[in-house]
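Chain residues, written in single-letter form:
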2 protein chains.
Amino acid sequence: MATIAVENYLKHVLLLSEGGADLVPMGALASALAVVPGTATTMVKALADEGLLEHLPRQGVRLTAEGRRVALNVLRKHRLVETFLVHVLKMDWSRVHEEAEQLEHAISDEVLDRLDALLGHPQSDPHGDPIPSAHGKLSSQVYATLATCVADRPLRIVRVTEQSAEFLQFAEQNGLLPGAALRVSDRNLPAGLVTVRRATGRSLALSLVAAGKILVEPER
Amino acid sequence: MATIAVENYLKHVLLLSEGGADLVPMGALASALAVVPGTATTMVKALADEGLLEHLPRQGVRLTAEGRRVALNVLRKHRLVETFLVHVLKMDWSRVHEEAEQLEHAISDEVLDRLDALLGHPQSDPHGDPIPSAHGKLSSQVYATLATCVADRPLRIVRVTEQSAEFLQFAEQNGLLPGAALRVSDRNLPAGLVTVRRATGRSLALSLVAAGKILVEPER
DNA sequence: AGATTTATTTTGACTAATCAAAATAGACGC
DNA sequence: GCGTCTATTTTGATTAGTCAAAATAAATCT
Ligand SMILES: [Mn+2]
Ligand SMILES: [Mn+2]
Ligand SMILES: [Mn+2]
Ligand SMILES: [Mn+2]
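Keep in mind that this is a model prediction, so the values were computed, not measured. (Residues numbered from 1 in each chain as written. Chains lettered and ligands numbered in written order. Predicted model: local features only at pLDDT ≥ 70, side-chain atom pairs only at ≥ 80, totals over all residues. Heavy atoms only, no water.)

A. Examining the coordination of the manganese ion (ligand 1) more closely. All names here are of chain A. For the manganese ion (ligand 1), the protein coordination sphere consists of His 78 (NE2), Glu 82 (OE) and His 97 (ND1), at 1.8 to 2.1 Å. Look at where the donors of the manganese ion (ligand 1) fall in the sequence and you get H-x3-E-x14-H. A gap of 3.7 Å separates the manganese ion (ligand 1) and the manganese ion (ligand 2), which Glu 82 links by coordinating each metal. Of the two residues, His 78 and Glu 82 both sit in helix H4 (residues 65–87), four residues apart, roughly one turn of that helix. Of the residues examined, Glu 82 reaches a relative accessible area of 1% and is grouped as buried. (Donors = N, O, S within 2.8 Å, 3.2 Å for Na, K, Ca; no water. Helix = DSSP H or I, 4+ residues; strand = E, 2+ residues; numbered from the N terminus. Buried < 20%, exposed > 50% of the residue type's maximum accessible area, 1.4 Å probe, protein only.)

B. The arrangement of the protein's contact with DNA strand D in detail. Near DNA strand D you find 20 residues, and of these Thr 3 of chain A together with Gly 27, Thr 41, Lys 45 and Arg 58 of chain B are the closest. Counting only atoms of DNA strand D within 4 Å of the protein, the fraction found in sugar and phosphate groups is 71%. Taking Arg 58 of chain A, its side chain carries an N or O atom lying 3.3 Å from a base oxygen of DNA strand D. When contributions to the surface near DNA strand D are tallied by element, the ones reaching two or more residues are helix H1 (4–16) and helix H3 (37–49) of chain A together with helix H2 (26–33) and helix H3 (37–49) of chain B. When residues in the surface near DNA strand D are grouped by element, the largest group, four residues, is from H3 of chain B. Along the lines of polarity and charge, the residues of the surface near DNA strand D split into 10 nonpolar, seven polar and three charged. (Near = heavy atom within 4 Å. Polar contact = N/O pair within 3.5 Å; in protein donor to acceptor, adjacent residues only side chain to side chain. Nonpolar A, V, L, I, M, F, W, Y, C, P; charged D, E, K, R; others polar.)

C. Here's a closer look at the environment of Leu 182 of chain B. In this structure, Leu 182 of chain B sits in strand E5 (residues 181–188). Beyond its immediate sequence surroundings of up to four residues, Leu 182 of chain B is in contact with Leu 146, Arg 153, Pro 154, Leu 155, Ile 157, Leu 176, Val 196, Arg 197, Arg 198 and Ala 199 of chain B. (Contact = heavy atoms within 4.5 Å.)

D. The arrangement of the pairing of strand E4 (residues 155–160) of chain A in detail. Residues and elements named next belong to chain A. The element E4 is extensively covered by neighbouring structure, given that five of its six residues are classed as buried. One ladder, built from two bridges, connects E4 with strand E5 (residues 181–188); its direction is antiparallel. For Arg 156, the partnering residue across the bridge sits in E5 and is Ala 181. In terms of strand pairing, E4 meets strand E8 (residues 214–218) through five bridges, oriented antiparallel. Pairing of Arg 159 across the sheet is with Leu 215, part of E8. (Pairing = 2+ DSSP bridges.)

E. Spotlight on helix H5 (residues 96–103) of chain A. Most of H5 of chain A sits inside the fold, with six of its eight residues counted as buried. Listing the buried residues of H5 of chain A in full gives Val 96, His 97, Glu 99, Ala 100, Glu 101 and Leu 103 of chain A.

F. Structural context of the interface of chain B and chain A. On the chain A side, the residues contacting the 18 residues of chain B number 18 residues. Here chain B and chain A share an interface that buries about 1,500 Å² over both sides, 63% of which is from carbon and sulfur atoms. For the pair chain B and chain A, the number of links is two salt bridges. A salt bridge links Arg 95 of chain A to Glu 110 of chain B; the nearest nitrogen and oxygen atoms lie 2.7 Å apart. For the pair chain B and chain A, the number of links is eight residue pairs in polar contact (both at pLDDT 80 or more). (Buried area = accessible area lost by both parts, 1.4 Å probe. Salt bridge = Lys/Arg side-chain N within 4 Å of Asp/Glu carboxyl O.)

Limitation: the analysis is restricted to geometry and does not speak to function.
Encoded structure:
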């Protein structure tokens, strides 16, 4: 069985290659895992020996088919656990990530399947992150963000790509949840500011960085 | 935070002292944890340095107040998780022990509390094992077993003290579940055999060893 | 091109947990 | 009381994962 550390390395390689990048640089991987670069190098070489990923020295890493399979299983556990914690145990969506970070390594495939059934086979977690299917399919749909979408059109939030409790609490308090309807009423690039108007009529200003974490699709 | 190994050592010291023994011998601890005796000695000395237990060389170990607190918290997680797996996820009672063995180290105190509330603050798990209270109280009620109780009196099963899937499946198939009504119809000590009659009228023979794992109380 | 900066790798050391096998302390038998 | 047996401890190694700091390769700048 893969250890917790191995599962974390593989999951983070998967997450970091989500943006389409073929090779994940060691620096990005090390900082995602909160280890020093040398540690990541050592570990990655061991994982490459195990056939879980490919290591191109000084360039980066890429999952093998087997490594991807393991990573998707862990990610599926993570996101289904988050969904369970929010929908069944009524935990705050800002705190479930930390919890799932541990539980993703502790639940068996059987519990995974039963949670999936209990929750009605959800396709995304409370943050809108897609849940890999039991067969290893992971939606890679690309969405616009509040920083990049066309202005003055009705939108719906589909995903919030940030895990920090602080940001998620802020988002919740301002109704920036998956499913919420809103539009971009103004975008001031020199100032780095995006103003959105919610369906309720309330207006709210966000930095471009914050706006870039809110993924949206055109309403209707 | 206590590591998984530390939590396991403390939990097993607690379980092994359940039978009233003041000192848990190293051999018993080592075999409960499936490690060689030397490993247990090394670990126990480290735990004693941490103030989690007392080690009387060549005699055994005893939990300190702090060690007991940690152990009870882990045991509470274990048994509430088992209850959740059986009552909510409908898993077979013979397989939840293995699962809980991992999950007991992965869930936070907050999830623990929410599970407890969801399940209606149960006092015992699916095997009848008492669940430590949130304040660290653990029922130490002593029960008779099918090997020791008085014969020909109506009884109710309160607990099955065995975790192996094999035994639990056998017990379930023969209706030997907590809550079941039955009586001892015959006990043949020379042969080492106990015969029980269930409320349904069915009779069943058990070895003394097997019968000793079924705890009962007088019916009504 | 040559110098400088930055990312990555290498080296050496450390911690937690474990095992195998040798040493030892007690208990038990007589 | 002395030898034997058994439980426990000690010693020396091993594995997984990590960090600090030095070495190196590659990219970038002048
Ligand atoms: Mn998460
Ligand atoms: Mn999520
Ligand atoms: Mn159990
Ligand atoms: Mn149990």
